[in-house]
Each structure stands twice: as structure tokens, then as C-alpha cells.
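# Commentary on secondary and tertiary structure
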Amino acid sequence: GAFSVQLAMGGHVTPFVTLGGAYLRDQIFHLSVSDAVTDGDEPSLKGLTFSLNSVCFFGDFAVRTLPGLHLTGFVGYGVLSVEGRPSGGSSVDDPSGFLLAGAAAYEFRVADSASIGAALRVSWAQLNVTEANGTDVDVFVPALLLTARLD
């Protein structure tokens, strides 16, 4: 399973365009791994969790004023943190690098300056490990989010 959070703050450039900054977090639990041959040397991910933490610039484009559909694009820097490594395990830094994300959301007005809705976000990051040159980690994370917006 996973738990995702998105915190964004920005300002309207036009009634249909908002620009700003955002923090994205995707926490991944219950990891699994498989081996081509079941022969007793399969890796164990027991107790491990991953989180993709990102700081981004965003552009939000409303198809029409609320209520309605809007599309958001994110560009930023992400770090894949690994928690629960065995104490005797290797000490490799957390992969970090460039991140792109996109979201489609639909929101409903609940007050003059507030709306709620849902969003589908997809994040992709190409990260590298500086202690192990040539090691790249590609991360793809889909997320379904409940949204709340204050204008």
C-alpha cells in the first residue's frame, strides 16, 4: 500500500492559471519482490519502507472556473528515502534527482473561497546514487488524492 500527500501554495496569474510551489510525498508500505527461480536466496524486504519526497514548481490550468476540471504539472527535485535497513547493511545514500509529475483533478465549490474534490497524480523521477556511480533508479508512482482548496 501507499499514502500520498500534496501541499501546494501559489497565486492566480489569470482566473484559469495558478503558479506556485509544492511539496509531494509518496510513502510506500508493504513492498514485495520476486526472484526468477525460487531457490531460497530470495531477497527480503520485511520492515523496509520507501518514501519519495519532492519539492516542485507547479502550474495549474483550469479548464473552466470551479467547479470543474483542472490539470496540474510539476517539475522539481526528488529524494527516495529508504527506512528500515538492517543495521549491518550497506550505507548507500538515498537516490535523488529530477522529478516530473502530472495531475488531473475535479473539484466542487463548498463555500465562496473553498472547494473539495479528487485528483489522480502520476509522478516519475530519474534518480541517481552518488556513492555508486552509474546507478540510476527510475521511480513511477500513481496516486489518488482527496483535495481541499482555499482561494
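A brief structural summary.

### Notes on the pattern of salt bridges
- For the structure on display, the rule yields three salt bridges.
- A salt bridge links arginine 149 to glutamate 107; the nearest nitrogen and oxygen atoms lie 2.8 Å apart. Here glutamate 107 lies in strand β5 (residues 96-111) and arginine 149 lies in strand β7 (residues 136-150), a separation of 42 residues in the sequence.
- One salt-bridge network, held together by shared partners, links Asp60, Glu107 and Arg149.

### Points about the sheet that holds strand β2 (residues 17-28)
- The strand order β1-β2-β3-β4-β5-β6-β7 describes an open sheet built from seven strands, whose pairing is antiparallel. Each end of this open sheet is capped by a strand with a single partner; those strands are β1 (2-14) and β7. Recorded for the sheet is a direction-independent mean angle of 20 degrees between the axes of neighbouring strands.

### Observations regarding a nonpolar patch on the surface
- Together, Val63, Leu69, Leu71, Tyr106, Phe108, Val110 and Ile116 give the surface a local cluster of nonpolar side chains, amounting to about 630 Å² of exposed area.
- Breaking the nonpolar patch down by element, the ones donating at least two residues are β4 (68-83) and β5.
- Looking at the secondary structure, you find leucine 69 in strand β4.
- The class of leucine 69 is partly exposed, set by a relative accessible area of 36%.

### Description of the side chain of serine 115
- Secondary-structure assignment places serine 115 in strand β6 (residues 114-128).
- For serine 115, a relative accessible area of 1% corresponds to the buried category.
- Looking at serine 115, its side chain comes within polar contact range of the side chain of glutamate 107, at 3.3 Å.

### Considering the environment of glutamate 107
- A residue is classified by how much of its surface remains accessible, and glutamate 107, at 3% relative accessible area, is buried.
- A polar side-chain atom of glutamate 107 sits 3.4 Å from a polar atom in the side chain of histidine 70.
- Among the polar contacts made by the side chain of glutamate 107, one reaches the side chain of arginine 149 at a distance of 2.8 Å.

### As for the pairing of β4
- Pairing between strand β3 (residues 49-62) and β4: 14 bridges, direction antiparallel. Residue pairing for β4: leucine 52 is matched across the bridge by leucine 80.
- Summarising the sheet, β4 and β5 pair through 12 bridges and their orientation is antiparallel. In the sheet register, glycine 78 faces β5, and the bridge partner there is glycine 97.

### Quick notes on the nonpolar core
- Counting 14 residues, the largest nonpolar core has Leu24, Leu52, Phe74, Leu99, Leu127 and Val139 as its most contacted members.
- Breaking this core down by element, the ones donating at least two residues are β2, β3, β4, β5, β6 and β7.

### As for the side chain of aspartate 60
- You can see aspartate 60 is positioned in strand β3.
- Within the structure, the side chain of aspartate 60 is placed 2.7 Å from the side chain of histidine 70, a separation counted as a polar contact.
- Apart from the residues lying within four places of it in its own chain, the contact partners of aspartate 60 are Phe16, Val17, Thr18, His70, Leu71, Thr72 and Arg149.

### Let's talk about the environment of glutamine 27
- Position of glutamine 27 among the secondary structure elements: in strand β2.
- Between the C-alpha atoms of glutamine 27 and valine 5, which are 22 residues apart in sequence, the distance is 8.6 Å.

### Digging into the environment of threonine 147
- Positionally, threonine 147 belongs in strand β7.
- The spacing of threonine 147 and serine 115 is 32 residues in sequence and 8.1 Å in space, taken between C-alpha atoms.
- When residues no more than four places from it in sequence are discounted, the contact partners of threonine 147 are Glu107, Ser115, Ile116, Gly117, Ala118 and Ala119.
- At 3.1 Å, the side chain of threonine 147 forms a polar contact with the side chain of glutamate 107.

What counts as what
- Residues numbered from 1 in each chain as written.
- Predicted model: local features only at pLDDT ≥ 70, side-chain atom pairs only at ≥ 80, totals over all residues.
- Heavy atoms only, no water.
- Salt bridge = Lys/Arg side-chain N within 4 Å of Asp/Glu carboxyl O.
- Helix = DSSP H or I, 4+ residues; strand = E, 2+ residues; numbered from the N terminus.
- Pairing = 2+ DSSP bridges.
- Axes fitted to C-alpha atoms, helices over the stretch in contact; angles between N-to-C directions.
- Patch = residues over 30% accessible without salt bridge, like charges linked within 9 Å, V, L, I, M, F, W, Y side chains within 5 Å.
- Areas by Shrake-Rupley, 256 points an atom, 1.4 Å probe, with all protein chains shown as cover.
- Buried < 20%, exposed > 50% of the residue type's maximum accessible area, 1.4 Å probe, protein only.
- Polar contact = N/O pair within 3.5 Å; in protein donor to acceptor, adjacent residues only side chain to side chain.
- Core = buried A, V, L, I, M, F, W, Y, C linked by side-chain atoms within 4.5 Å.
- Contact = heavy atoms within 4.5 Å.

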